[in-house]
Amino acid sequence: MAYKIAVIPGDGVGPEVIREGLKVLNAVSNVTGIDFDFIHYDFGGERYLRTGETLPDSALLELKEMDAIYLGAVGHPDIKPGILEHGILLKIRFGLDLYINLRPVKLYPGVWTPLKDKGPEDIDFVVVRENTEDAYVGIGGFFKKGTPDEVAIQQMVYTRKGTERCIRYAFELARRRNKKKKVTLCDKSNVLTYGHDLWQRVFAEVGEEYPDIQKDHAYVDAVTMWMVKNPEWFDVIVTTNMFGDIITDLGAIIQGGMGIAASGNINPKGVSMFEPIHGSAPKYAGKNVVCPLAAISAAGLMLQHLGDIASGEERERLYKGAALIDRAIEKAFSLGYIRSLQAGECPPTSDTGDLIARFVEEDDRCVKGF
């Protein structure tokens, strides 16, 4: 079978980094025999400026029929912030019920981290962020707007269903990772007493079904501290939408920077979307100077997820494809081909894609099997 992948390069540097990701996926195809059918869409700032359209409902229906979505970046300097984000990103997340935001935080050998005396053996955990509730549902409003008596209300919403399915995913992931086999609940239940009391209760109840998984808890302010001081304590962190949005940027920095950070927006029973988290960075667009490794890592995360929901020989091929990408990136760092993730300091965008694709095709271990 051929996997139907919706490709949305988007804005700014998105098309450049996605181009390199597709280059690497084609290399994976050459080695493993996995077939891809890439369907390209032009949703983004330029289309909006030309047509006034973000993401039509008909396109959302098409995306539901795909095996995965591969997104570059959304954000255009000539468009008011929020229009594209709500009209494309959040519409896809809510429309396809992508209720898990998955953010691996992994430091590769040879990559700089601001954490003194910490290395790859210390920084290797995953954040599971609830992705469709909390303050992001947009419930609220203004009273007496523009006056000295103005009141602004933004409501946080948590449901039992949304909380439970996110927490259960985290426990299942800890079991699949089979590393520390530990799930840490990150909340602020000492202040946000209602919604986070729900998270506490559901975490305890679901946790009873996973006696093999260690349960831990930390307030979000403590989590940010321990991510810096003792990142090796973590295996899987599960948290709310808002707090997940914040701590994953900290995770990106301790793993070396936005140039390597990938993200999955996942519906375990439907189509999921994978993207780098660095944004559109319009000042670098078209200059061939940004690091595409976050987008390439997102492609690997996509293969890993497709493997999770596949079975038999197909699952093994997809897992091999994900491992090929991971090892190729590690090799590029370990051998010193890439010494910086910063735009203008890293190798040219196209050269990096060529390098990772070459390393994928040279990896004899995956050709022969594990």
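One numbering rule holds for all chains: residues counted from 1, following each sequence as written. Local features in this predicted model are restricted to residues whose pLDDT is 70 or higher, and side-chain atom pairs enter the listing and the counts only when it is 80 or higher, whereas totals over whole chains, interfaces and linings include all residues. Calculation of side-chain values draws on the structure's entire complement of heavy atoms; hydrogens and water are dropped beforehand.

Undergrad: Could you give an account of the overall build of the chain, with specific residues and numbers?
TA: Labels follow the DSSP assignment, with helices taken as runs of H or I lasting at least four residues and strands as runs of E lasting at least two, numbered in each case from the N terminus. Scanning the chain from terminus to terminus reveals 12 helices and 12 strands. Seen through its C-alpha atoms, the chain measures out along the principal axes to roughly 60 × 55 × 40 Å. A simple rule labels every residue: compare its accessible area, found with a 1.4 Å probe on the protein chains alone, to the largest value its type can have, and call it buried under 20%, exposed over 50%, or partly exposed in between. Counting the 370 residues in the chain, one finds 54% classified as buried. Whether two residues are in contact is decided by their heavy atoms: any pair within 4.5 Å suffices. Contacts spanning at least 24 positions in sequence make up 77% of the contacts within the chain whose residues lie at least 6 apart. The method behind every accessible area is Shrake-Rupley, applied with a 1.4 Å probe, and residues are considered shielded solely by the protein chains displayed. Accessible surface computed for the chain: about 16100 Å², of which carbon and sulfur atoms make up 52%. Residues counted as positive are Lys and Arg, residues counted as negative are Asp and Glu, and His and the chain ends are not counted. Charge placement uses NZ in Lys and CZ in Arg. For Asp and Glu, CG and CD serve respectively. Computing the positive centroid from 43 side-chain charges and the negative centroid from 52, the chain places the two 2 Å apart.

Undergrad: Explain the sheet that holds strand β11 (residues 262-266) to me, and be specific about the residues and the numbers.
TA: Strands qualify as paired when DSSP identifies two bridges or more between them. The mixed open sheet is built from 10 strands, whose spatial order is β2-β1-β3-β12-β11-β4-β5-β10-β8-β9. The open sheet has two free edges, formed respectively by β2 (35-40) and β9 (214-219), since each of these has just one partner strand. The average undirected angle you get between the axes of adjacent strands in this sheet is 25°. With 7 bridges joining them, strand β4 (residues 100-106) and strand β5 (residues 124-130) adopt antiparallel strand pairing. Bridging from a neighbouring strand, Lys-106 pairs with Asp-124 of β5. In this analysis an axis means a line fitted to C-alpha atoms, helices contributing only their contacting stretch, and an angle means the value between N-to-C directions, from 0 to 180 degrees.

Undergrad: With reference to specific residues and values, describe the side chain of Ser-263.
TA: With respect to the helices and strands, the residue Ser-263 is situated in strand β11. Judged by relative accessible area, Ser-263 falls into the buried class, the value being 3%. Once you skip the residues sitting within four places of it in the chain, Ser-263 turns out to touch Asn-101, Leu-102, Arg-103, Met-273, Phe-274, Glu-275, Ile-277 and Leu-301.

Undergrad: Would you mind going over the packing of helix α10 (residues 312-334) against helix α11 (residues 349-362) in detail, with residue names and values included?
TA: The interhelical angle for the contact between α10 and α11, taken along N-to-C directions, is 120°, at an axis separation of 8 Å. In terms of axis orientation, α10 runs oblique to α11. Like other packed secondary-structure pairs, α10 and α11 cross with a definite hand, here right-handed. In this structure, α10 contributes Leu-324, Ile-325, Ala-328, Ile-329, Lys-331 and Ala-332 to the contact, and α11 contributes Leu-355, Ile-356, Phe-359, Val-360 and Glu-362. A breakdown of the residues in the contact of α10 with α11 according to their chemical character gives 9 nonpolar, no polar and 2 charged. Oblique is the label for every angle not falling under 35 degrees (roughly parallel), over 145 degrees (roughly antiparallel), or within 65 to 115 degrees (roughly perpendicular). Helix crossings get a hand from a simple test, with the near helix turned counterclockwise from the far one by less than a right angle marking a left-handed crossing and a clockwise turn marking a right-handed one. In the scheme used here, Gly and all other residues not listed as nonpolar or charged are polar, with Ala, Val, Leu, Ile, Met, Phe, Trp, Tyr, Cys and Pro taken as nonpolar and Asp, Glu, Lys and Arg as charged.

Undergrad: Residues and numbers for the packing of aromatic side chains, please.
TA: Only centres within 6.5 Å qualify two rings of Phe, Tyr or Trp (six-membered ring in Trp) as a pair; their planes then separate them into stacked at under 30 degrees, edge-to-face at over 60, and tilted for everything else. The final tally for this structure, using the stated rule, is 8 aromatic pairs. For the ring pair Phe-171 and Tyr-210, a centre distance of 5.0 Å and an interplane angle of 10° mean the geometry is stacked. Of the two residues, Phe-171 sits in helix α5 (residues 160-177) while Tyr-210 sits in the loop between α6 (195-207) and β9, which places them 39 residues apart along the sequence. On the numbers, 4.5 Å between centres and 40° between planes, the contact of Trp-226 with Trp-233 is tilted. Judged by relative accessible area, which is 23%, Trp-226 ranks as partly exposed. One aromatic cluster in this structure is built from Phe-171, Phe-203 and Tyr-210. A ring is scored as having a charge over it whenever the NZ atom of a lysine or the CZ atom of an arginine sits within 6 Å of its centre and within 35 degrees of its normal. Across the ring face of Phe-142, the terminal group of Lys-145 is positioned such that the distance to the ring centre comes to 4.3 Å. It is Lys-331 that lies over the ring of Phe-359; its NZ or CZ is 4.4 Å from the centre.

Undergrad: Break down the confidence of the model for the chain for me, citing the residues and quoting the values.
TA: Summary statistics for the chain give a mean pLDDT of 94 and a share of 98% for residues scoring 70 or more. Per residue, pLDDT measures the predictor's confidence, with a range of 0 to 100. Note that residues 366-370 has pLDDT below 50 and, in this model, 10 contacts with residues that lie over four places away or in other chains.

Undergrad: Can you lay out the pattern of salt bridges for me, pointing to particular residues and giving the numbers?
TA: Think of a salt bridge as a Lys or Arg side-chain nitrogen and an Asp or Glu carboxyl oxygen that are within 4 Å of each other. Per the stated rule, a full pass over the model turns up 29 salt bridges. Linking Lys-91 and Asp-57 is a salt bridge whose minimum nitrogen-to-oxygen distance equals 2.8 Å. With a gap of 34 residues between them, Lys-91 in helix α4 (residues 83-95) and Asp-57 in helix α3 (residues 57-63) connect regions that are remote in the sequence. On the basis of relative accessible area, Asp-57 is assigned to the exposed category, the value being 56%. One salt bridge in this structure joins Glu-209 and Arg-168, with 2.7 Å as the shortest N-O distance. Placement of Glu-209 in the loop between α6 and β9 and of Arg-168 in helix α5 is noted, with a sequence separation of 41 residues between them. Three or more residues joined by partner-sharing salt bridges are found here, namely Arg-160, Glu-164, Arg-168, Glu-205 and Glu-209.

Undergrad: Mind laying out the nonpolar core, listing which residues take part and the relevant values?
TA: A general tendency of soluble globular proteins is for nonpolar side chains to be buried together. Nine residue types can take part in a nonpolar core, namely buried Ala, Val, Leu, Ile, Met, Phe, Trp, Tyr and Cys, and a core is a set of them joined through side-chain atoms within 4.5 Å. Judged by nonpolar contacts, the single largest core of 91 residues is most densely connected at Leu-25, Val-128, Val-238 and Leu-293. In terms of residues, this core owes the most to one element, helix α9 (residues 293-308), which gives 9 residues. Not counting residues within four places of it along the chain, the set of residues in contact with Leu-293 comprises Gly-259, Ile-260, Ile-329, Phe-333, Ile-338, Leu-341, Thr-352 and Ile-356. Among the nonpolar cores identified, the runner-up in size contains 21 residues, and Ala-6, Ala-59, Ile-79 and Leu-89 belong to it.

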